[in-house]
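Coordinates in review
Residues per chain, in single letters:
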Amino acid sequence: MKIGLIDVDGHNFPNLALMKLSAWHKDRGDVVEWWDGFGQYDRVYMSKVFDETYSPDMPEPLNAAEVVKGGTGYGLDNKLPDEIEHVCPDYSLYPELTKDTAYGFLTRGCPRGCHFCIVAEKEGRRSCRVAELSEWWSGQKNIVLLDPNLLACSEHMRLLQQLIDSGAYVDFTQGLDCRLLTPENIAAINRVKLKQIHFAWDYMKESAAVLRGLNLYRELATRKINAMYATVYTLVNYDTTMDENLYRIYTLRDLGYDPYVMIYDKPHAPQEIRDLQRWCNNRLIFKAEPDFSKYSPKKWAAKEEVSEQIGLFGGTE
Ligand code: SF4
């Protein structure tokens, strides 16, 4: 068969499903390539992770006998069959992005069921092991872990040990659930090679549990907590007031963490929320003007323009 692949979201982040489909088809002797308008295909896979707001759909190709669409951007009920889900991804599809880097899940699902998040509906309201590390890692220097809530899995200590034993740099891209931190799992996390660590503080009603975990980590982490190392995603524009947003941001800063504002439904967010994100997520502004009430977006706009050109400002999301 001749297989065409379309990454509808673009090529900025490797599409795991397409990499697995590619590996599975190549294993069967099929020809696999990125879809080309001038070719003719037996089957074309279109994969889309993000919704229409962030990733507009594209027309189905006409030069294919069959078109298969998948990914959360097309709905929550499409999953790869087990025999494809468990193959080692074909990293050659994204040579730049996967250079010495392996991507994958050790667990899927999350017991939390946060209302703004699709994980529980898509993957189930339990965190379960779905793979051993060796299934998709074969000695690469970096591991990008996509698990939504590794610490909620009953096997997480064993899985953390696999990450420790790999000796690779591990990026927990979805963050770790700080409410589930214990002295035991912090001791294991201390032995994982980490460039950075991420947590989240989304709901005010979870404040006590979040702060317990963040304080425990601060006490037991072998690496000093500072803005270069430990980031806490802070959800705004969902169900918190501006006072509650600022309370979380200032508290995190006082603890030594790096608050990072994430805007729910950004296209419809009020200007004040966008300003809050601009202020907090730009390290230079956040340091230079520690009080949001004194932050003047106009005053900073000109400086940002110049500084962005010379790469001094970080992104805002
Ligand atoms: S804890 Fe994280 S992964 Fe789990 S439901 Fe909430 S936002 Fe989603």
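Each remark here, short or long, concerns the structure printed above.
This write-up is about the structure you can find in this document.

What follows is about the packing of aromatic side chains. Per the stated rule, a full pass over the model turns up 14 aromatic pairs. An aromatic cluster is built from Y250, W279, F286, F292 and Y295, whose rings are joined through pairwise contacts. Directly above the ring of Y169 sits K193, whose terminal nitrogen or CZ lies 4.9 Å from the centroid. Between the NZ or CZ atom of K195 and the centre of the ring of Y169, over which it lies, the distance is 5.2 Å.

Overall, parallel pairing links the four strands, which are arranged β2-β1-β3-β4 in an open sheet. The sheet terminates laterally at β2 (31-34) and β4 (67-70), the two strands that pair on one side only. On average, each strand axis in the sheet is tilted by 20° relative to the strand beside it, whichever way the strands run. Strand direction decides the pairing type here: strand β1 (residues 2-7) and strand β3 (residues 43-47), joined by five bridges, are parallel. Bridged to I3 within β3 is R43. Helix α1 (residues 16-27) contacts β1, β2 and β3 of the sheet and is inclined by roughly 160° relative to β3.

Next up on the list: unusual backbone geometry. Not every positive phi belongs to a glycine, and N237 is a case in point at roughly 70°. By the secondary structure assignment, N237 is in the loop between β12 (230-236) and α7 (242-255).

Once that is clear, we can look at α1. For α1, spanning 12 residues, the distance from its first C-alpha to its last is 17 Å, which sits close to the expected 16 Å at 1.5 Å a residue. Where burial is concerned, most of α1 is hidden: nine out of the 12 residues are buried. When we look at burial in α1, the residues that qualify are L16, L18, M19, K20, L21, S22, A23, W24 and H25. Packing partners of the buried residues in α1 comprise β1, β2, β3, α2 (82-85) and β5 (101-104). Two to three positions downstream of the cap, the backbone nitrogen of A17 sits 3.1 Å from a side-chain oxygen, assigning the N-cap of α1 to N15. Remark: G29 follows α1 within two positions and exhibits a positive phi of approximately 85°.

Before going further, it helps to examine the environment of M242. Secondary-structure assignment places M242 in helix α7. In this structure, the C-alpha to C-alpha distance between M242 and P267, residues 25 residues apart in sequence, is 18 Å.

Criteria and cut-off values
By convention here, each chain's residues receive numbers from 1 onward along its written sequence. Local features in this predicted model are restricted to residues whose pLDDT is 70 or higher, and side-chain atom pairs enter the listing and the counts only when it is 80 or higher, whereas totals over whole chains, interfaces and linings include all residues. With hydrogens and water set aside, each side-chain value is computed from the structure's full complement of heavy atoms. Centre distance within 6.5 Å is the pairing criterion for rings of Phe, Tyr and Trp, where only the six-membered ring of Trp is used; planes under 30 degrees apart are then read as stacked, over 60 as edge-to-face, and the remainder as tilted. For a lysine, the NZ atom is tested; for an arginine, the CZ atom; a charge sits over a ring if that atom is within 6 Å of the ring centre and within 35 degrees of the ring normal. Two strands make a pair as long as DSSP finds a minimum of two bridges between them. Numbering of helices and strands runs from the N terminus, with a helix taken as a DSSP run of H or I at least four residues long and a strand as a DSSP run of E at least two residues long. In this description, a line fitted to the C-alpha atoms serves as the axis of each element, helices being fitted only across the stretch in contact, and the angle between N-to-C directions of two axes falls anywhere from 0 to 180 degrees. Residue contacts are defined here by distance: any two heavy atoms, one from each residue, within 4.5 Å place the two residues in contact. Here a helix's expected span is defined as the number of its residues, less one, multiplied by 1.5 Å. Summary of the burial criterion: residues with accessible area below 20% of their type's maximum are buried, those above 50% are exposed, and those between are partly exposed, where the area comes from a 1.4 Å probe applied to protein chains only. N or O atoms within 3.5 Å of each other form a polar contact, as long as, within protein, one can give a hydrogen and the other can take it, and as long as residues adjacent in sequence are counted only when both atoms are side-chain atoms.

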